[in-house]
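Each chain is listed here by its residues.
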Amino acid sequence: MGLVCGRTHPPVNNVTEADLEAEAEAERQRQTPTKESYLVSASPSGRHLVLAYKTKFVTVEANPGEGEYSATGQGSGCDAVDETITAILCLPRFVPSLRKRLCVCVCVCVDCSEMYVMVGYSTGWLRIFSETGTLVTAQLLEIAPLLSIKMRTPPPIFKVVPSKDTNEEDEEITLLFGSNTVVSIDGQSLWTGLRASERDLSYDGTRAFSYKKWTFQQQQDVRDVVSLGPCQGHPLDQPLLTTRVFSSSATARFLAVGTEPMLSFYATQDTVRPLMSAMSMATYMVSRVVPMFSYARSWWPSSTPGSGPSLSHPPIEPALPIPCPLFFSDACRHMTQISVSPVVSNSQHHALAVTSDVLGRVILWDVEAVEMVRMWKGVRDATCGWIEVTQDTLPHTEDGERERPLRVLLFLVMYSTRRGSLKIVQMRHGRQVGFFHLGPGWHLVQCGGEPLGSSMVSIERRRMAMEEEQSECGGLAKCILIGPGGEVRNIVITLQGHLRGILYKSV
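We now turn to the structure provided with this report. Everything quoted here is computed from the prediction, not taken from an experiment.

### As for the overall build of the protein
Then comes step 1: Looking only at helices and strands, the protein features five helices and 31 strands.
Then comes step 2: Each of the 507 residues in the protein was classed as buried or not, and the buried ones make up 50%.
Then comes step 3: Taking the intrachain contacts of the protein between residues at least 6 apart in sequence as the baseline, contacts between residues at least 24 apart amount to 62%.
Then comes step 4: In the structure as shown, the protein presents an accessible area of about 23,800 Å², 52% of it carried by carbon and sulfur atoms.

Rendered as structure tokens:
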């Protein structure tokens, strides 16, 4: 499956030699593999992609019948001089009770997902767009480049114990800024704000979302961070220390990688009152009407950034320091990325984490035991992801329900950008099950998770949503590969009683 955008062809009549040469040159440029670095984020199913480069982003959607991705929207949001896009997130929102007419007199309620795009900028602005590129809200929470945007949601329903109380689930979007500042946005409040703005055009955005703001003072430079959420009464066994790293009453927990030290565990028991986003959504949207139309005319507009009206900065709330009870330090090792394994039984339970550093090491960590499990060497400029495969061999009740959650096998995928090699290893102590030489220039993109707002609906509603053909609910973690020529490929691990093989194929 490839990424395509529509283009017009010149008329057949009155075609000059210069036109033919120009068309041939354009075709050669389209077929030349791209070597530029760009940002990409995928929806849980991989059906929707968001790609960003410098000052522009585009949203694409898969067309199963045609075997291609087609553009559905575009945008920018860059207004200040030299402002660029530094982080993106494809954000599906759970939309309950969408009425669908089957015939003249029969209507049913269908749960579906609606796509949004969260975009971070070098100026610190966070802007949320609709799938078509319409600005929904904009917030300035810190005056520093926004480096990453990550989302934590509840597990799929097949991982949930039937008797479990879903009220314990929470959702969170974590923002990392270049000033070692982390902002945790409450996912439920953001879902409520997006839903209110969709229903009421006069909604002023003063209740857009609530958030907490932390500063990581233990590390010199934070490159990446993940949130583990609050502790749900499962204190961690610490063989390395006499004291517990994460208290059973911890209200926020983070894992951060960077320099001096390379890996830090942050946790706090303080019940901090959430902050409220100060910028009025409606006021900001009114002030943005002119620049919105200026960059919505074409794919790469000729207007230069900074042509829009200047806006005064809203008040910036100070960040609170968060304790660091444990860290791992190596003066020669600088970690660049961290990724936690898919949630196990609730949104706060991640069993494993994987980190990569500038020395070509990929390290697997046990999050609960706070110890190193495995290490792989020679994986230069590594990007890691996770793949889940189910084994549906569990007993069922008389009603067809499983007596306990479905068994899921977990695999770690490592792609070396410098060497162009792809390695797949079964977790946690399993063997290497696949190795491919792809060549440089590919992007390994993680898919999986649940739409925003899944914790606010019942398991039955989520189960009904899974039955929809275009649903983003209930999917397993998976990875897709985007090649330098725009091709998109799936990594499929096949099982037949035991691990049998790996299919590397186009979507």
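### Thoughts on the sheet that holds strand 26 (residues 421-426)
Paired through their backbone hydrogen bonds, the strands of a sheet run either parallel or antiparallel.
Then comes step 1: Taken in spatial order, the four strands make up an open sheet running 24-25-26-27, and their pairing is antiparallel. Single-partner strands in this sheet number two, and they are strand 24 (382-391) and strand 27 (432-437). If you compare each strand with its neighbour and ignore which way they point, the axes differ by 20 degrees on average.
Then comes step 2: The pairing of strand 24 with strand 25 (residues 407-416) spans ten bridges and is antiparallel. Across the sheet, the residue bridging to Val-389 is Leu-409, located in strand 25.

### What to know about the pattern of salt bridges
Then comes step 1: A complete count under the given rule lists 13 salt bridges for this structure.
Then comes step 2: For Asp-366, the salt bridge identified is with Arg-428, shortest N-O distance 2.7 Å. Taken together, the residues span a long stretch of sequence, with Asp-366 in strand 22 (residues 362-366) and Arg-428 in the loop between strand 26 and strand 27 at a distance of 62 residues.
Then comes step 3: By relative accessible area, Arg-428 is classed as partly exposed at 30%.

### Regarding the sheet that holds strand 23 (residues 371-376)
Then comes step 1: Reading across from one edge, 20-21-22-23 is the order of the four strands in this open sheet, with antiparallel pairing throughout. Here the strands that pair on one side only, and so sit at the sheet edges, are strand 20 (335-340) and strand 23. Averaged over all pairs of adjacent strands, the angle between their axes in this sheet comes to 25 degrees, without regard to strand direction.
Then comes step 2: Sheet topology places strand 22 next to strand 23; five bridges connect them, and they run antiparallel. Bridge pairing links Leu-364 to Arg-374 in strand 23.

### Describing the pairing of strand 8 (residues 125-130)
Then comes step 1: When you tally the buried positions in strand 8, you get six out of six residues, the bulk of the element.
Then comes step 2: With burial as the criterion, each face of strand 8 is covered, one bearing Trp-125, Arg-127 and Phe-129 and the other bearing Leu-126, Ile-128 and Ser-130.
Then comes step 3: Pairing between strand 8 and strand 9 (residues 135-140): five bridges, direction antiparallel. From the neighbouring strand, Trp-125 faces strand 9, where its bridge partner is Leu-140.
Then comes step 4: In this structure, the hairpin formed by strand 8 and strand 9 is closed by a connection of four residues, where Gly-133 is found at a positive phi of approximately 100 degrees.

### As for the pairing of strand 30 (residues 488-495)
Then comes step 1: Two strands pair when backbone bridges link them, and strand 29 (residues 478-482) and strand 30 are joined in this way by three bridges, in the antiparallel orientation. Bridge pairing in strand 30 places Leu-481 opposite Arg-489.
Then comes step 2: Between strand 29 and strand 30, which pair antiparallel in sequence order, lie five residues; one of them, Gly-486, sits at a positive phi of approximately 95 degrees.

### Regarding the environment of Ala-369
Then comes step 1: Mapped onto the fold, Ala-369 is located in the loop between strand 22 and strand 23.
Then comes step 2: Sequence separation between Ala-369 and Ala-351 is 18 residues; the distance between their C-alpha atoms is 9.1 Å.

Criteria and cut-off values
Residues numbered from 1 in each chain as written. Predicted model: local features only at pLDDT ≥ 70, side-chain atom pairs only at ≥ 80, totals over all residues. Heavy atoms only, no water. Helix = DSSP H or I, 4+ residues; strand = E, 2+ residues; numbered from the N terminus. Buried < 20%, exposed > 50% of the residue type's maximum accessible area, 1.4 Å probe, protein only. Contact = heavy atoms within 4.5 Å. Areas by Shrake-Rupley, 256 points an atom, 1.4 Å probe, with all protein chains shown as cover. Pairing = 2+ DSSP bridges. Axes fitted to C-alpha atoms, helices over the stretch in contact; angles between N-to-C directions. Salt bridge = Lys/Arg side-chain N within 4 Å of Asp/Glu carboxyl O.

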